[in-house]
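Chain by chain, the residues run as shown.
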Amino acid sequence: MSLAHLTLDQWRAVDLPTAHRFARQAADRVRGRVISVAPTEHLAGPLHRVRIERDGREFALIPGGTVSLGFDLDGWQPTPEQAADYARSQEQGFGHDPDLRAHLAQVLSPRRRVTLETVLMAVEDEELTEAPADMPAVLAARGLRMPSSDEWEHACGAGADTLFRWGDHCPLDRIPYGDRTGPQNELNAFGLRIAHDTYSAELTSDTTAVHGGDGGESVCGAYGNLLAWLPLATANRNPSMADFVYGPDGADAEDFTTRPVLTL
C-alpha cells in the first residue's frame, strides 16, 4: 500500500502498529519527526490521528483516495428551529433567498466525487505574510504549498457528509464567536484546529473560495445565529468573501490565512 495513495477507507481499517509505520514513513519523507499517533472515534468507527513536526510546525496526516465532497441539499431538510432562525434573518434583510435551501445552494459546494492524494496539512492555519497572489511562491520557498479547495474541504470534513464537520446542527442560542463550549472548539477527526472561528478566513489555491470563516462579517453584521454559524460549514466557500479578497480592495489584506501542505 503506497503512502501517497493511501485512501481514507484503508486508513480507517489499519491497526495501531500499522498506523505507526505509516506515520514514520511520512515523517521520514519530509525530514520531520512523529509527535503522536492517537486513536479516536469518527463516524462510528476507529480512526488514528497522526501528528508530525517539521521545522517547528505541526502537521496532520490526511489520507486521500476517491472521496465525496460538497453538501447534498436534496437529501437535507432544515429543522424547524433552523428555518425559523433564518426567517428572522430574512426579516432583517440578510440571506440570498427567502428559502434557506436556496440560500445554501449559493454558498455551498455541490456534491461530487474527487480523487486526492495523501498529504500532510498544518494543524493550525497561519497568517499571510504577502498578498494572496504572492503566497504560493512564499510557501514554495519553505517546501510548502497552499491546499486546493478540495483538499481543504476533505481535510475539514474527514469523510462526514453533514453540514458541519461535527453534524448537521449547531447551537442556535448563541453565535460561535466567543463561545467556549460549542462543537467548533474540538479538534476535527484528523486532529486539525479547523472551521472553529468565523473571524478566520482561510485561502487555498482556488481564488473563488474562502474557507473556515468569513473574517467576522456575519458577526459584525449581526446576521442572525444560524447565518453566524454557516461560515464554519465544511462545504461553505464564501463566494462573496472570495470576490473581496481577490478584488482590488483585498489584494493587500492582512486578515486572511492559509493552511500549508507538505506533499508526500
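All of the points below concern the structure found in this document. (Residues numbered from 1 in each chain as written. Predicted model: local features only at pLDDT ≥ 70, side-chain atom pairs only at ≥ 80, totals over all residues. Heavy atoms only, no water.)

## Description of unusual backbone geometry
The phi torsion of most residues other than glycine is negative, and most of the peptide bonds are trans.
Step number 1: Despite not being glycine, R31 has its phi angle at roughly 60°, a positive value.
Step number 2: By the element assignment, R31 lies in the loop between α2 (16–29) and β1 (33–42).
Step number 3: Positioned with a positive phi, N238 is a non-glycine residue whose angle comes to about 45°.
Step number 4: Position of N238 relative to the elements: it lies in the loop between α8 (225–229) and α9 (239–245).
Step number 5: Assessed through its relative accessible area of 9%, N238 is described here as buried. (Helix = DSSP H or I, 4+ residues; strand = E, 2+ residues; numbered from the N terminus. Buried < 20%, exposed > 50% of the residue type's maximum accessible area, 1.4 Å probe, protein only.)

## Structural notes on the layout of surface pockets
If a probe as big as a water molecule is rolled over the atoms, it shows which places are left empty.
Step number 1: Looking at the largest pocket, its volume works out to about 320 Å³.
Step number 2: Those elements giving two or more residues to the lining of the largest pocket turn out to be α4 (100–107), α7 (217–220) and α9.
Step number 3: Partitioned by chemical class, the residues of the lining of the largest pocket number seven nonpolar, eight polar and two charged. (1 Å grid on protein atoms, 1.4 Å probe; cavity = no way out; pocket = protein on both sides within 12 Å on 5 of 7 lines; lining within 4 Å. Points joined across faces, edges and corners; volume = space filled by probe spheres on them. Nonpolar A, V, L, I, M, F, W, Y, C, P; charged D, E, K, R; others polar.)

## Some thoughts on the side chain of E53
Step number 1: As for its position among the elements, E53 is in strand β2 (residues 45–54).
Step number 2: On the basis of relative accessible area, E53 is assigned to the buried category, the value being 17%.
Step number 3: In this structure the side chain of E53 is engaged in a polar contact, spanning 3.4 Å, whose partner is the backbone nitrogen of D55.
Step number 4: In this structure the side chain of E53 is engaged in a polar contact, spanning 2.5 Å, whose partner is the backbone nitrogen of G56.
Step number 5: Apart from residues no more than four positions distant in its own chain, E53 is found in contact with G32, R33, I35 and E58. (Polar contact = N/O pair within 3.5 Å; in protein donor to acceptor, adjacent residues only side chain to side chain. Contact = heavy atoms within 4.5 Å.)

## Quick notes on the environment of V50
Step number 1: By the element assignment, V50 lies in strand β2.
Step number 2: When residues no more than four places from it in sequence are discounted, the contact partners of V50 are W11, A19, A23, S36, V37, F59, A60 and L61.

## Focus on the sheet that holds strand β3 (residues 57–62)
Step number 1: Read from one edge of the open sheet, five strands run β1-β2-β3-β6-β11, paired in antiparallel fashion. The open sheet has two edge strands with one neighbour each: β1 and β11 (261–263). For this sheet, the mean angle separating the axes of adjacent strands, direction not counted, is 30°.
Step number 2: As paired strands, β2 and β3 are joined by four bridges and run antiparallel to one another. (Pairing = 2+ DSSP bridges. Axes fitted to C-alpha atoms, helices over the stretch in contact; angles between N-to-C directions.)

## Quick look at the pairing of strand β6 (residues 119–122)
Step number 1: Side-chain alternation along β6 places V119 and M121 on one buried face and L120 and A122 on a second face that is also buried.
Step number 2: In terms of strand pairing, β3 meets β6 through four bridges, oriented antiparallel. Bridge assignment links A60 to a residue of β6, and that residue is M121.
Step number 3: Relative to β11, β6 runs antiparallel, the two sharing three bridges.

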